[in-house]
Amino acid sequence: MTKDSNPFGDVTKMIEKFKLPGVDLSAIVEARRKDLEALVAANKAAYESMQALAHKQTEMLTQAMQGIQEAVKEAAASKGGLPDPKKQTELARDAWKKTLADMKDLAEMARKAQADAMAGLTERATQSVQEIKKMMQPK
């Protein structure tokens, strides 16, 4: 973030006018800026994860539709237009396995997204507690 685009610049100047003994107002403003940056980063990570999940679901749907098309073609090409029960059972079993694997992938993507977002927020919360402790120390 550049100095020119700092949304806290005016607020910092305003707060500094109200000097309170023993209180470092610029440190407080800086800490809140860091808090907001952590929230922005967490929201960005969540947004990117939602996009990845949507892409994965689209990919899964495309694969499922291709599988259905192949099954229909095979059924139409089989003897007398009747599907081979053994082949249909195999297709159903493979589709079930694929569905379970896809569900596992989606769940893992969602878990990782939540963990990544929370890691940044947790780190910032820890830093914030340390900053507050430091500010409370007598000078």
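Small disclaimer: the values here were computed from a predicted structure and weren't measured.

**Student:** For this particular structure, what's the right way to read the overall build of the protein?
**Tutor:** Along the protein, the regular secondary structure elements total three helices and zero strands. The order of α-helices and β-strands along the protein, N terminus first, is α-α-α. Within the protein, the proportion of its 139 residues that are buried is 16%. Total accessible area on the protein is roughly 11,000 Å²; 64% of this is exposed by carbon and sulfur atoms.

**Student:** Please clarify how a nonpolar patch on the surface should be interpreted in this entry.
**Tutor:** Residues L61, M65, I68 and V72 make up a contiguous nonpolar surface patch of about 400 Å² in total accessible area. On the secondary structure map, I68 appears in helix 2 (residues 25-77).

**Student:** Where do I start with the environment of A41 in this structure?
**Tutor:** Residue placement: A41 occurs in helix 2. Between the alpha carbons of A41 and A117 there is a distance of 7.7 Å; along the sequence they are 76 residues apart.

**Student:** What am I meant to see in the packing of helix 2 against helix 3 (residues 85-136) here?
**Tutor:** Each pair of packed helices gets described by two things: the angle between the helix axes and the distance between those axes. Viewed as axis vectors pointing N to C, helix 2 and helix 3 meet at an angle of 175 degrees, and their least axial separation amounts to 10 Å. In terms of orientation, helix 2 and helix 3 fall into the roughly antiparallel class.

**Student:** What is the right way to read helix 2 from this model?
**Tutor:** Every α-helical turn comprises 3.6 residues, leaving residues that sit three or four positions apart pointing alike. In this model helix 2 runs 78 Å from its N-terminal to its C-terminal C-alpha over 53 residues, within 8% of the 78 Å that 1.5 Å per residue would give. Every buried residue of helix 2 is accounted for by L25, V29, A31, R33, A38, A42, S49, L53, K56, M60, A71 and A75.

**Student:** Looking at this structure, I do not really get helix 3. What am I missing?
**Tutor:** End to end, helix 3 covers 76 Å across 52 residues, agreeing with the expected 76 Å (1.5 Å per residue, within 8%). Where helix 3 is concerned, the buried positions are D102, L106, A113, A117, R124, S128 and E131. Tucked inside the fold, the buried residues of helix 3 contact helix 2.

**Student:** Please explain the side chain of D102 as it appears in this structure.
**Tutor:** Within the secondary structure, D102 is located in helix 3. Those residues in contact with D102 that lie beyond four places of it in its chain are K56 and M60.

**Student:** Got a minute to help me understand the environment of T58 in this structure?
**Tutor:** Of note, T58 is situated in helix 2. By relative accessible area, T58 is classed as partly exposed at 49%. Here A54 takes part through its backbone oxygen, which lies 2.9 Å from a polar atom of the side chain of T58.

**Student:** Just to check I follow, could you spell out the pattern of salt bridges for this structure?
**Tutor:** Oppositely charged side chains can form a pair if their charged atoms are brought close together. Per the stated rule, a full pass over the model turns up 12 salt bridges. Between E59 and K56 there is a salt bridge, and its shortest N-O distance comes to 3.7 Å. Residue E59 and its partner K56 are both found in helix 2; the two are separated by three residues, about one turn of the helix. Accessibility expressed as a relative area gives 15% for K56, which makes it buried. Residues D102 and K98 are paired through a salt bridge, measuring 2.9 Å at the closest nitrogen-oxygen approach.

About the thresholds
- Residues numbered from 1 in each chain as written.
- Predicted model: local features only at pLDDT ≥ 70, side-chain atom pairs only at ≥ 80, totals over all residues.
- Heavy atoms only, no water.
- Helix = DSSP H or I, 4+ residues; strand = E, 2+ residues; numbered from the N terminus.
- Buried < 20%, exposed > 50% of the residue type's maximum accessible area, 1.4 Å probe, protein only.
- Areas by Shrake-Rupley, 256 points an atom, 1.4 Å probe, with all protein chains shown as cover.
- Patch = residues over 30% accessible without salt bridge, like charges linked within 9 Å, V, L, I, M, F, W, Y side chains within 5 Å.
- Salt bridge = Lys/Arg side-chain N within 4 Å of Asp/Glu carboxyl O.
- Axes fitted to C-alpha atoms, helices over the stretch in contact; angles between N-to-C directions.
- Parallel < 35°, antiparallel > 145°, perpendicular 65-115°, else oblique.
- Expected span 1.5 Å × (residues − 1).
- Contact = heavy atoms within 4.5 Å.
- Polar contact = N/O pair within 3.5 Å; in protein donor to acceptor, adjacent residues only side chain to side chain.

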